[in-house]
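Geometric and topological summary
Letter by letter, the chains look like this.
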Amino acid sequence: MERITALAGTPDGMLLAGGGASGAVYVWEVASGRMLRSWAAHYKAVSAVSFSASGSLLVTASEDTLVSVWVTHELLDASMDTSAPTFTRPEALYSWSEHTLPVTGLWVGQNGAEGASLVASCSLDRSCKLHRLSDGALLASVQLQVPLQCVALDSGEHALFAGGSDGSIFEVDLLSGGEVSAAGGGHLTLQPIARMAGHERPVNSLAFSSDGEVLVSGSDDGTARTWDLRSRQPVQILQTPGRLPVTSVLVLPCPERLAHGSLGGPGSGSGRQAAKRLAPLAPLVKFPGMAGTLKPWEGPAVVVDGSLAYVGPAGLQVQQEEQQEDEEVWEAVQGVTTAGEAGEQQHGADASGQIGADVLQAQVVQLQAELQAARSSAAKWQELHSQLYRFSVEQVDAQEGR
């Protein structure tokens, strides 16, 4: 066993990836706790991991200065036997080596198409790099004055924010343009437009509110601060007990039971029965090949959220119901047609009903004509087939007669 240094889950909550101090990356199935894959992804400790918006790509960063992109379905290929002598380490889709010192922060875009997503990384070399997932191209580079600990982009991906080791938060406008670098493919070199000061020690993590107007930062000084991005001023300061370092922050929608103040648990002091605490998920196994909490014949839990309609235990019943429905509709059309014909012989019939009956009758006549033409065409093809068959038999008999 080794110390896990970074964790990230897929947006649907099905998979969990973790990076270790040895450079290995592990992927677990959350529902069962099974370890699906482990491999030596880096040569030094993994500093950050993140999935793309669809979960189809896994991005890892390490102290070995590399940022790698892995294809998830290749990692989960059941045909890959890690115990086989011929097993080789999975190949990364991209491996970026623009940083010169350990990579400390990573951010993967969650908006738009997968190919248009951006990947931002920061390093102790005082730089941020911005890559594109579609082709792995380096789009921009930002050089700052202090070593960097974390990086994030706003919800519109218009601005980049980086947390420094001196407690500063730097803002970089991605739409203002910049100088084109003559080397390295001609990417842009951007400069910060603002610096937000308030933390006394390194900033470890950044996160945005859902509306993109508030930035939350966590620092080694034991505080988490919320910043108004329009004024770039802190609006709230949260302090941890004993001023312990804040290593990570995450902004989530408030659960309904928390919004109503029903956190629950014994001794909550409320007069009514408190809500039960959520049970923990299956524990994660420590080694590949272990079944976790499942029996050998069981599969992972399936969550039914009601998004799909129930169609019954067998498709035959549904087909029969649909066929009966079609027959009822056809009978209704025939009944309307008959009623329309009878209505033509009666005086004082409604004009709109008469027109509707005429239209239906014309459609019936047209369908009957098309049916007759189809039958005639089928008869012609049948006659042609018979002639071809007789011709083939005569040719075979003639060859055998020789």
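Above this text sits the structure in question.
Scoring rules and cut-offs
The residue numbers shown here count from 1 along each chain, following its written sequence. Reporting of local features is limited, given that this is a predicted model, to residues whose pLDDT is at least 70; pairs of side-chain atoms are given and counted only at 80 or more, and all residues count toward the totals for whole chains, interfaces and linings. The basis for every side-chain value is the complete set of non-hydrogen atoms in the structure, without hydrogens or water. By definition, any uninterrupted DSSP run of H or I lasting at least four residues is a helix, any uninterrupted run of E lasting at least two residues is a strand, and each is numbered from the N terminus. Accessible area is worked out with a 1.4 Å probe on protein chains only. A residue is then buried under 20% of its type maximum, exposed over 50%, and partly exposed in between. Any two residues whose heavy atoms approach within 4.5 Å at even a single point are treated as in contact. Throughout, the Shrake-Rupley method with a 1.4 Å probe supplies accessible areas, and for residues the shown protein chains are the sole cover considered. Whenever a carboxyl oxygen of Asp or Glu lies within 4 Å of a side-chain nitrogen of Lys or Arg, that contact is scored as a salt bridge. Strand pairing is assigned whenever DSSP detects at least two bridges linking the two strands. Axis definition: a line fitted to C-alpha atoms, limited for helices to the stretch in contact. Angles are taken between N-to-C directions and run from 0 to 180 degrees. The convention is simple: Lys and Arg are positive, Asp and Glu are negative, and His and the chain ends are not counted. Working definition: rings of Phe, Tyr and Trp (its six-membered ring) pair if their centres are within 6.5 Å, and the pair is stacked with planes under 30 degrees apart, edge-to-face with planes over 60 apart, and tilted otherwise.

Assigned secondary structure in the chain consists of four helices and 22 strands. A burial count over the chain gives 34% of its 402 residues as buried. Taking contacts inside the chain between residues at least 6 apart in sequence as the whole, the part at least 24 apart equals 42%. Surface accessibility of the chain: about 24500 Å² in total, with carbon and sulfur atoms responsible for 56%.

A few words on the pattern of salt bridges. Under the criterion given, the structure shown has six salt bridges. Linking Glu-171 and Arg-232 is a salt bridge whose minimum nitrogen-to-oxygen distance equals 2.6 Å. Highlighted residues: Glu-171 in strand β15 (residues 169-173) and Arg-232 in the loop between β21 (223-228) and β22 (233-239), separated in sequence by 61 residues.

Okay, the side chain of Ser-68 next. Inspection of the secondary structure assignment puts Ser-68 in strand β7 (residues 67-71). For Ser-68, the contacting residues outside a window of four places in its chain are His-42, Leu-58, Val-59, Thr-60, Ala-92, Tyr-94 and Ser-95.

On to the sheet that holds strand β4 (residues 35-40). Taken in spatial order, the four strands of this open sheet run β1-β2-β3-β4, and their pairing is antiparallel. For this open sheet the edge positions go to β1 (4-9) and β4, each flanked by a neighbour on one side alone. Neighbour to neighbour, the strand axes of the sheet diverge by 15 degrees on average, direction disregarded.

Relative to strand β2 (residues 15-20), β1 runs antiparallel, the two being bridged by five bridges. The partner of Ala-8 across the bridge, within β2, is Ala-17. Hairpin connection, β1 to β2: the antiparallel pair is bridged by five residues, and Gly-13 has positive phi, about 75 degrees.

Burial analysis of β7 places five of its five residues in the buried class, the great majority of the element. The alternating pattern of β7 places Val-67, Val-69 and Val-71 and Ser-68 and Trp-70 on opposite faces, both of which are buried. Examined bridge by bridge, strand β6 (residues 57-62) and β7 share five bridges and lie antiparallel to one another. Directly across from Thr-60, in β7, lies its bridge partner Ser-68. Hairpin remark: β6 followed by β7, antiparallel, with four residues in the connecting loop; positive phi at Thr-65, about 75 degrees. Sheet topology note: the β7/strand β8 (residues 94-96) ladder contains three bridges and is antiparallel. Directly across from Val-69, in β8, lies its bridge partner Tyr-94.

Another point: the side chain of Glu-157. Following the sequence through the fold, Glu-157 ends up in the loop between β13 (148-153) and β14 (159-164). Despite its burial, Glu-157 remains without a salt bridge, the nearest opposite charge being carried by Arg-132 at 11 Å. When neighbours within four sequence positions are excluded, Glu-157 is seen to be in contact with Trp-107, Gly-109, Gln-110, Asn-111, Leu-118 and Leu-174.

Applying the stated rule across the entire model yields four aromatic pairs. Consider the rings of Tyr-94 and Trp-96, whose centres lie 5.8 Å apart with planes at 10 degrees: the pair is stacked. An identical accessibility class is assigned to Tyr-94 and Trp-96; each is buried. Here Phe-161 and Phe-208 contribute two aromatic rings whose centre-to-centre distance is 5.4 Å and whose plane-to-plane angle is 65 degrees, an arrangement assigned as edge-to-face. Placement of Phe-161 in strand β14 and of Phe-208 in strand β19 (residues 203-208) is noted, with a sequence separation of 47 residues between them. Side by side, Phe-161 and Phe-208 carry an identical accessibility label, which is buried.

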